[in-house]
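Spelled out from the first residue to the last, the chains are:
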Amino acid sequence: MTSRGSGSADVKGPDISLGSALRDTRARLSQAGFVEARLEAELLLLEAATIGRATLYAWPERRLDIDQSRRLDDLLRRRLAGEPIAYILGRTGFHAIELDVGPGALIPRSDTELLVDWALEALPAQAPLTCADLGSGSGAIALALARGRPAWRVLAVERSPRALRIAEANRHRLGAANVQLIRGDWLAGIAPMSLDLVVSNPPYVRARDPHLSRGDLPFEPAEALASGIDGLRDIRRIVTQARHALRAGGLLLLEHGRDQGAEVRALFHRDGWRAIVTRRDLAGLERATGARLPPVTNTRVH
Ligand code: GLN
């Protein structure tokens, strides 16, 4: 591959087959250290050539035309510069849905599907419940819940107008009539005791964590990632606010950092929550903690 000119991304002339383009692209990505080089090469090629996988593998000798070849060069150059694959493709899969994504919203992670599965199994499927997904970003959690539970009403709360536009495009394309987008700051504008479930993947990375400058993160909105010096600023606010917004017995499910489980459980304990449970992600790391409000609260003034 290096003999074709390793200094520039546009190594492919117009007369190249799909099969060779796939091999070249994969080699460029793996030389640059991308661990998912094979998968990403395929995704970039399918996008550039506007073909499906079946065409690629049934007809690998087919030639790329000049536009397809230029597009592939362009997409590969962007990926080599570190741009997230999901932003380059403009979409990603999450739970059972496909979402539009863009630089204004966090890229949904597979770890976050854990929150969706937890909510789906913890609450009655047919009841007309009201849920809120806080800091909804692209709308991932809200839309996955709404798809799985047509009887629920799901509020997708988001502060960033840019993210809200992405969420609205997703809501519209998925025809999610039971999702309502709300511009807001966590639960500040939500009526007291109006929710059965609050779920959130809030920012939770420590402000000085070197992780913020690695992988996809430098391209994602900082406000969706970092949360004060200990990473818990927003989680604290959500735990406090959710006490008022949830009905008695209501459930709060929060994603957090792999090393924040004990601190989040302690926060819930101090605030009088019950049934405090932490679940692990696909890598076996503590990734989400849930708790319920006591069934009857006698501290409220009605
Ligand atoms: N899990 C993400 C990461 O570390 C962070 C997402 C978040 O802060 N909510 O890449």
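Below or above, wherever it landed, is the structure these notes cover.

Conventions we followed
Residues numbered from 1 in each chain as written. Predicted model: local features only at pLDDT ≥ 70, side-chain atom pairs only at ≥ 80, totals over all residues. Heavy atoms only, no water. Helix = DSSP H or I, 4+ residues; strand = E, 2+ residues; numbered from the N terminus. Buried < 20%, exposed > 50% of the residue type's maximum accessible area, 1.4 Å probe, protein only. Contact = heavy atoms within 4.5 Å. Areas by Shrake-Rupley, 256 points an atom, 1.4 Å probe, with all protein chains shown as cover. Lys, Arg positive; Asp, Glu negative; His and termini not counted. Charge placed at Lys NZ, Arg CZ, Asp CG, Glu CD. 1 Å grid on protein atoms, 1.4 Å probe; cavity = no way out; pocket = protein on both sides within 12 Å on 5 of 7 lines; lining within 4 Å. Points joined across faces, edges and corners; volume = space filled by probe spheres on them. Nonpolar A, V, L, I, M, F, W, Y, C, P; charged D, E, K, R; others polar. Near = heavy atom within 4 Å. Polar contact = N/O pair within 3.5 Å; in protein donor to acceptor, adjacent residues only side chain to side chain. Sits in = over half its atoms within 2 Å of the grid points. Core = buried A, V, L, I, M, F, W, Y, C linked by side-chain atoms within 4.5 Å. Pairing = 2+ DSSP bridges. Axes fitted to C-alpha atoms, helices over the stretch in contact; angles between N-to-C directions.

### Focus on the overall build of the chain
Next, step 1: Secondary structure summary: the chain contains 10 helices and 9 strands in total.
Next, step 2: Overall, the C-alpha framework of the chain stretches about 75 × 40 × 30 Å when taken along its three principal axes.
Next, step 3: Looking at the 302 residues of the chain, the share that counts as buried comes to 50%.
Next, step 4: Considering only intrachain contacts with a sequence separation of at least 6, the fraction spanning at least 24 residues in the chain is 65%.
Next, step 5: For the chain, the accessible area works out to roughly 14200 Å², and carbon and sulfur atoms hold 52% of it.
Next, step 6: With 42 positive and 36 negative side-chain charges, the chain shows a separation of 3 Å between the mean positions of the two kinds.

### Observations concerning unusual backbone geometry
Peptide bonds are mostly trans, and most non-glycine residues show a negative phi.
Next, step 1: Even without glycine at this site, H95 takes up a positive phi of about 50°.
Next, step 2: By the secondary structure assignment, H95 is in the loop between β1 (91-94) and β2 (97-100).
Next, step 3: Unlike most non-glycine residues, M193 shows phi in positive territory, near 50°.
Next, step 4: Positionally, M193 belongs in the loop between β5 (179-183) and β6 (195-200).

### Digging into the layout of surface pockets
Next, step 1: There is about 710 Å³ of room inside the largest pocket.
Next, step 2: The wall of the largest pocket is formed by 30 residues, among which R109, D111, Y204, H211 and R287 lie closest to the centre.
Next, step 3: Of the residues belonging to the lining of the largest pocket, the class tally is 11 nonpolar, 8 polar and 11 charged.
Next, step 4: A volume near 610 Å³ is recorded for the second largest pocket.
Next, step 5: Taken together, the elements giving at least two residues each to the lining of the second largest pocket come down to α2 (37-49), α5 (85-89) and β1.

### Description of the site of the ligand
Next, step 1: All residues adjacent to the ligand are R109, N201, P202, P203, Y204, V205, H211, L217, A224 and L225.
Next, step 2: Separating a nitrogen atom of the ligand from a backbone N or O atom of P202 is a distance of 2.8 Å.
Next, step 3: In this structure, H211 approaches the ligand through a side-chain N or O atom, which is 3.0 Å from an oxygen atom.
Next, step 4: When the free accessible area of the ligand is taken as 300 Å², the share hidden by the protein chains comes to 89%.
Next, step 5: Taken atom by atom, the bulk of the ligand overlaps the largest pocket.
Next, step 6: A breakdown of the residues in the shell around the ligand according to their chemical character gives 7 nonpolar, 2 polar and 1 charged.

### Thoughts on the nonpolar core
Next, step 1: Counting residues in each nonpolar core, the largest one holds 29 residues, and the members touching the most others are L145, W152, L197 and L253.
Next, step 2: Broken down by secondary-structure element, the contributors of at least two residues to this core are β2, α6 (113-122), α7 (140-148), β4 (153-158), β6 and β7 (246-255).
Next, step 3: Per-element accounting of this core gives the leading share, 7 residues, to α7.
Next, step 4: Excluding residues that lie within four positions of it along the chain, L197 makes contacts with A119, L123, T130, C131, A132, L145, W152, L246, L251 and L253.
Next, step 5: Grouped together as the second largest cluster of nonpolar side chains are 27 residues, L187, I190, L252 and L293 included.

### So, the sheet that holds β5
Next, step 1: Spatial strand order, β5-β4-β3-β6-β7-β9-β8: 7 strands in an open sheet with mixed pairing. The sheet is open, and its two edges are formed by β5 and β8 (274-280), each paired on a single side. In this sheet, adjacent strand axes meet at a mean angle of 15° when their direction is disregarded.
Next, step 2: Where β7 and strand β9 (residues 286-292) come together, 5 bridges link them in antiparallel fashion. The partner of L252 across the bridge, within β9, is A291.
Next, step 3: In the packing of α7 onto the sheet, contacts are made with β3 (130-134), β4, β5 and β6, and the angle to β4 comes to roughly 175°.

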